[in-house]
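Summary of structural features
One-letter residues, chain by chain:
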Amino acid sequence: ENRPPRLIDLALIITYFLPVLLLTYAMLRHSLKLTRRQFSTVTVTKTAAAASAAVTAGSPRLEALRSQLEDDEDNLHDFALEQRPVRRKAAPRSAKILPKPKWIKAAPATSENYKALRQTVRDLGLATVCEEAKCPNIGECWGGGDDGTATATIMIMGDTCTRGCSFCSVKTSRAPPPLDPEEPNKVAEAIHKWGLDYVVLTSVDRDDLEDQ
């Protein structure tokens, strides 16, 4: 309160009138920006109109097209209701499908001979590549087929292979079960019981055993 009167008046002026001055300055600056933007828009519009007029004056085809559009009485509603031809699908082609050959159909595994062979394999504990490899022709081979000739493929040295071929369905293992010492006698007994015309012997790979 001991300040001189002039300093107090100056402080009051700055306190009350400085925000008003700043607000006025901001409004003037914004108004100037709007004026410049409107001026540039008018300039661009006039330039585009002049260019369009120049193109129209130098292009008789464009002028003719505009005249045609003005004379055309059709509107959007008429265009929507206009009847148009419906596109139809082409007629299917006549293709003669040849019947599948008879040999492509596997015979069902239901014959008595098939059941007898399977029972013998179960009783003696033998393995056949027909079953282990899931052969689709097992019904025809074990059953004898149309000619009555029955065949079987016995797989010796067990039913587990040490190889891992991706195309084969035989079980695989790095440590398969040990060999059956009675397997030769069982194979001979099975062949004697079956009375087959001929028999095929195959074996799994046993890389875990030493060559003999």
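Here is a short report on the structure shown in this document. Residue numbers run consecutively from 1 along every chain, following the written order of its sequence. Owing to the predicted nature of the model, reporting of local features is limited to residues with pLDDT of at least 70; listing and counting of side-chain atom pairs is limited to 80 or more, with chain, interface and lining totals taken over all residues. The basis for the side-chain values is all heavy atoms of the structure; hydrogens and waters are excluded.

**Some remarks on the overall build of the protein chain**
In DSSP terms, a helix is any run of H or I states spanning at least four residues, a strand is any run of E spanning at least two, and both are numbered starting from the N terminus. Of regular secondary structure, the protein chain possesses seven helices and five strands. Listing the helices and strands of the protein chain from first to last along the sequence gives α-α-α-α-β-α-α-β-β-β-α-β. Scored against the burial criterion, the 212 residues of the protein chain give a buried share of 16%. Partitioning the intrachain contacts of the protein chain with sequence separation of at least 6 by distance along the chain shows that 70% fall at a separation of at least 24. Exposure categories follow from relative accessible area, calculated using a 1.4 Å probe and restricted to protein chains: below 20% of the type maximum is buried, above 50% is exposed, and the middle band is partly exposed. Contacts are assigned to residue pairs with any non-hydrogen atoms lying within 4.5 Å of each other.

**Considering helix α2 (residues 60-71)**
Compared with an ideal rise of 1.5 Å per residue, which puts twelve residues at 16 Å, α2 spans 17 Å between its outermost C-alpha atoms and is within 8% of the ideal. The buried fraction of α2 amounts to zero of the twelve residues, a small share that puts the element mostly on the outside. Multiplying one less than the number of residues by 1.5 Å gives the expected span of a helix.

**Description of the nonpolar core**
The biggest cluster of nonpolar side chains holds 15 residues, and the ones touching the most others in it are L117, L126, W142, A152, W194 and L196. Ranked by residue count, the leading element in this core is helix α4 (residues 112-124), at four residues. A127, C161, V170 and V204 belong to the second-largest nonpolar core, a separate cluster that totals five residues. Buried Ala, Val, Leu, Ile, Met, Phe, Trp, Tyr and Cys residues that are joined via side-chain atoms within 4.5 Å together make up what is termed a nonpolar core.

**Some thoughts on the environment of A116**
The residue A116 is located in helix α4 in this model. Each C-alpha atom of the pair A116 and W142 lies 9.1 Å from the other, and the pair is 26 residues apart in sequence.

**Notes on the packing of aromatic side chains**
Any two rings among Phe, Tyr and Trp, with Trp reduced to its six-membered ring, count as a pair given centres within 6.5 Å; such a pair is stacked if its planes are under 30 degrees apart, edge-to-face if over 60, and tilted if neither. Inspection of the entire model under this criterion finds one aromatic pair. Taking 5.5 Å as the distance between ring centres and 35° as the angle between the ring planes, the aromatic pair formed by Y114 and W142 counts as tilted. With a gap of 28 residues between them, Y114 in helix α4 and W142 in helix α6 (residues 138-143) connect regions that are remote in the sequence.

**As for the sheet that holds strand β5 (residues 200-203)**
Criterion used throughout: strands pair if DSSP finds at least two bridges between them. Overall, mixed pairing links the three strands, which are arranged β1-β2-β5 in an open sheet. Two strands in the sheet have a free side with no partner beyond their single neighbour: β1 (127-128) and β5. The sheet contacts of helix α7 (residues 183-194) involve β2 (153-156) and β5, and relative to β2 the element is tilted by about 170°. Helix axes use the C-alpha atoms of the stretch in contact, all axes being lines fitted to C-alpha atoms, and the angles between their N-to-C directions lie in the range 0 to 180 degrees.

**Here's the deal with the pattern of salt bridges**
Between Lys or Arg on one side and Asp or Glu on the other, a salt bridge is scored when a side-chain nitrogen of the former is within 4 Å of a carboxyl oxygen of the latter. The tally for this structure, following the rule as stated, stands at six salt bridges. A salt bridge links D159 to K171, with the shortest nitrogen-to-oxygen separation between them at 3.0 Å. One end of the pair, D159, is in the loop between β2 and β3 (160-161); the other, K171, is in strand β4 (residues 171-172), and twelve residues separate them in sequence.

**Some remarks on α4**
With 13 residues, α4 should cover 18 Å at 1.5 Å per step; its first-to-last C-alpha distance of 19 Å lies within 8% of that length. Along α4, the positions that sit buried rather than exposed are Y114, L117, T120, V121 and L124. Each buried residue of α4 sits inside an arc of 130° when the element is viewed along its axis, so together they form one side. Relative to its buried face, α4 has exposed residues pointing more than 90 degrees away, namely E112 and D123. Check the buried side of α4 and you find it contacts β1, α5 (129-132), α6 and α7. Positive phi appears at G125, one or two residues downstream of α4, with a value of about 70°. What the arc covers is the set of directions going from the helix axis to the C-beta atoms.

**Structural notes on the environment of A190**
Tracing the sequence through the fold places A190 in helix α7. Exposure remark for A190: the relative accessible area of 0% places this residue in the buried category. When sequence neighbours within four positions are dropped, the list of residues in contact with A190 reads T120, L124 and L126.

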